[in-house]
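So the chains spell out like this:
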Amino acid sequence: MLVEKNVQLQPFNTFHIIAKARALARVASVDDVRALLEHPLWGPEPKFILGGGSNIVLTGDVQALVLKVEIKGLRLVDETARAFIVEAGAGENWHDLVRWTLAQGYPGLENLALIPGTVGAAPVQNIGAYGVELQDRFESLDAIDLQTGQLFTLHAAQCGFGYRDSVFKHGRSAAKNAFGLQGRALIVRVRFALPKDWKPVLGYADLESKMAECGCNAPSARQIFDWVCAIRRTKLPDPALVGNAGSFFKNPNVSPEQCADIIARDPKVVHYHLSNGGIKLAAGSLIDSCGWKGKSIGQAGVYEKQALVLVNRGANMNGNGVTGGEVMTLAKAIQTSVYERFGILLEPEPVVV
Ligand code: EPU
């Protein structure tokens, strides 16, 4: 397997940030990964796992050996009384998987249509949209331990899924007694349980208005897929045209008292009541309320149609464009102004490298 030296990473991250990898290897199988781990030169080097590059901010050149995961394969591996079990290689494109499952007659992933990135990256941040999270459809995954070369399987309870969070986003911390796998587990395959008694997941305002528009109250999975694609296309920039990493901050949860204080400052702040009595704030509306929509710092900007998305305003894909430093400067300026106005510290969603 070829290890390329001094590789420009701009085409491999959806923000199209300019940064180089000292060395990059494309891994298409478990054997490829093991060959690298056993290699006298590359084996002992630190490694950085790269999927679709859709949830990272590169703040400089990557010194670690970049493992670009290109493990393919889509297949039905099992069928239980309740579900179809579908397995996908970590290097498959996420949206292609969603399309393929629908074409095969296995609905369940339609609310997650058009999310950029690869299958292997999906569990890392427990991707979610329009009322469905990856963990709702997850069965298990296989991963290689980059320290020992051993292949192991994890089920949902072992993945520590949370809101845009999992065990793969955290390092080990003896102090916090945390079992983290960040940088250690290379996900090779993911299995999904797609329910045979499928029911549409509706209830999100954007989907409800699509239903009202077409006057149908029992949509098919294909219909929901089409709606989600249409909604995302109107709200979110296409990374092929405008570099971005999706939502840049998580939606914060607050107490009813904090929420009352925030609403007193701006009654337009969008918020949702949760079943546990807490309240979720739309981070996009907090940022919007601070006047950031459409603003820029250097070549990093806030998307005009959705303040939660930061974008690359530099010329894309020709060696020009935003740096990770500019993106983080903008992100910190937004955090400061939201904190000063509302007392809420927004937490970034992408992994900052
Ligand atoms: N809003 C504003 N101004 C803005 C942006 C949003 O007022 O600039 C308001 C909207 O009008 C809406 C509310 O805030 O009432 C929520 O906006 P939206 O429905 O667009 O969803 P979101 O909370 O901004 C989350 C996820 C998205 C996911 C959508 C749909 C997070 C951090 N983001 O966005 O996920 O697609 O819901 O489920 O949870 C991603 O993670 O990369 C991502 C795109």
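Residues numbered from 1 in each chain as written. Predicted model: local features only at pLDDT ≥ 70, side-chain atom pairs only at ≥ 80, totals over all residues. Heavy atoms only, no water.

To continue, consider the overall build of the protein chain. Of regular secondary structure, the protein chain possesses nine helices and 20 strands. Scaling as 2.2 N^0.38, a compact globule of 353 residues should have a C-alpha radius of gyration of about 20 Å, and the protein chain matches this with 21 Å. For the protein chain, the spread of C-alpha atoms along the three principal axes comes to 60 × 55 × 45 Å. Residues classed as buried in the protein chain amount to 49% of the 353 residues present. Within the protein chain, contacts between residues separated by at least 24 positions form 61% of all contacts whose residues are at least 6 apart in sequence. (Helix = DSSP H or I, 4+ residues; strand = E, 2+ residues; numbered from the N terminus. Rg over C-alpha atoms; globule rule 2.2 N^0.38 Å. Buried < 20%, exposed > 50% of the residue type's maximum accessible area, 1.4 Å probe, protein only. Contact = heavy atoms within 4.5 Å.)

Further remarks concern the side chain of Asn 55. With respect to the helices, strands and loops of the structure, Asn 55 is situated in the loop between strand 3 (47-50) and strand 4 (56-57). With a relative accessible area of 11%, Asn 55 lands in the buried category. Here the side chain of Asn 55 touches Gln 125 through a polar contact of 3.1 Å, side chain to side chain. Residues in contact with Asn 55, not counting those within four places in the same chain, are Gln 125, Ala 245, Glu 349, Pro 350 and Val 351. (Polar contact = N/O pair within 3.5 Å; in protein donor to acceptor, adjacent residues only side chain to side chain.)

This brings us to the pairing of strand 19 (residues 309-312). Burial along strand 19 is two-sided: Val 309 and Val 311 and Leu 310 and Asn 312, pointing in opposite directions, are all buried. Where strand 13 (residues 244-247) and strand 19 come together, two bridges link them in antiparallel fashion. Residue pairing in the sheet places Ser 247 in a bridge with Val 309 of strand 19. Relative to strand 19, strand 18 (residues 300-302) is paired through three bridges, and the arrangement is antiparallel. Each bridged residue has a counterpart across the sheet, and for Gly 301 the counterpart in strand 19 is Val 311. Connecting the antiparallel pair strand 18 and strand 19 is a turn made up of six residues. (Pairing = 2+ DSSP bridges.)

This paragraph deals with the nonpolar core. Ranked by size, the top nonpolar core spans 60 residues in total, and within it Trp 94, Leu 141, Phe 168 and Phe 192 carry the most contacts. For this core, the two domains that each supply at least three residues are domain 1 (3-69) and domain 2 (74-195). Leaving out residues up to four positions away in the same chain, Leu 141 has contacts with Pro 123, Phe 152, Thr 153, Leu 154, Cys 159, Phe 168, Ile 187, Arg 189, Val 190 and Arg 191. In this structure, Val 62, Val 66, Ala 245 and Leu 286 belong to the second largest nonpolar core, which totals 44 residues. (Core = buried A, V, L, I, M, F, W, Y, C linked by side-chain atoms within 4.5 Å. Domains from an automatic or database assignment.)

For the protein chain, the assigned domains read domain 1 (3-69), domain 2 (74-195) and domain 3 (244-352). Taken over C-alpha atoms, the centre of domain 2 sits 27 Å from the centre of domain 3. Contacts between the two partners involve six residues from domain 2, matched on the other side by four residues from domain 3. We note a salt bridge from Arg 164 to Glu 349, for which the minimum N-O separation is 3.4 Å. (Salt bridge = Lys/Arg side-chain N within 4 Å of Asp/Glu carboxyl O.)

A few words on the pattern of salt bridges. Counted by the stated rule, this structure contains 22 salt bridges. The closest approach of N and O atoms between Arg 99 and Asp 96, which form a salt bridge, is 2.8 Å. With Arg 99 and Asp 96 both in helix 2 (residues 94-104) and three residues apart, the pair spans about one turn of that helix. By relative accessible area, Asp 96 is classed as partly exposed at 32%. A salt bridge links Asp 142 to Arg 189, with the nearest nitrogen and oxygen atoms 3.1 Å apart. With a gap of 47 residues between them, Asp 142 in strand 10 (residues 138-145) and Arg 189 in strand 12 (residues 185-195) connect regions that are remote in the sequence. In this structure Asp 142 comes out as buried when scored by relative accessible area, which is 8%. Among the charged side chains, a salt-bridge network with shared partners connects Arg 75, Glu 87, Glu 139, Asp 142, Arg 189 and Arg 191.

Our next topic: the sheet that holds strand 15 (residues 271-273). The strands that make up a sheet are held in pairs by hydrogen bonds between backbone atoms, and each pair lies either parallel or antiparallel. Strand order in this open sheet of three strands is 14-16-15, and the pairing throughout is antiparallel. The sheet is open, and its two borders are formed by strand 14 (253-254) and strand 15, each paired with just one other strand. Both strand 14 and strand 16 (residues 279-281) contribute to a ladder of two bridges, which runs antiparallel. Residue Asn 253 lies in a different strand from strand 16, and its bridge partner there is Lys 280. Those strands touched by helix 7 (residues 256-265) are strand 14, strand 15 and strand 16, and its axis lies near 40 degrees from that of strand 16. (Axes fitted to C-alpha atoms, helices over the stretch in contact; angles between N-to-C directions.)

Before going further, it helps to examine the pairing of strand 6 (residues 74-79). For strand 6 and strand 7 (residues 83-89), the ladder comprises five bridges, and the chain directions are antiparallel. Paired with Arg 75 across the strands is Glu 87, a residue of strand 7. Hairpin connection of strand 6 to strand 7: three residues between the antiparallel strands.

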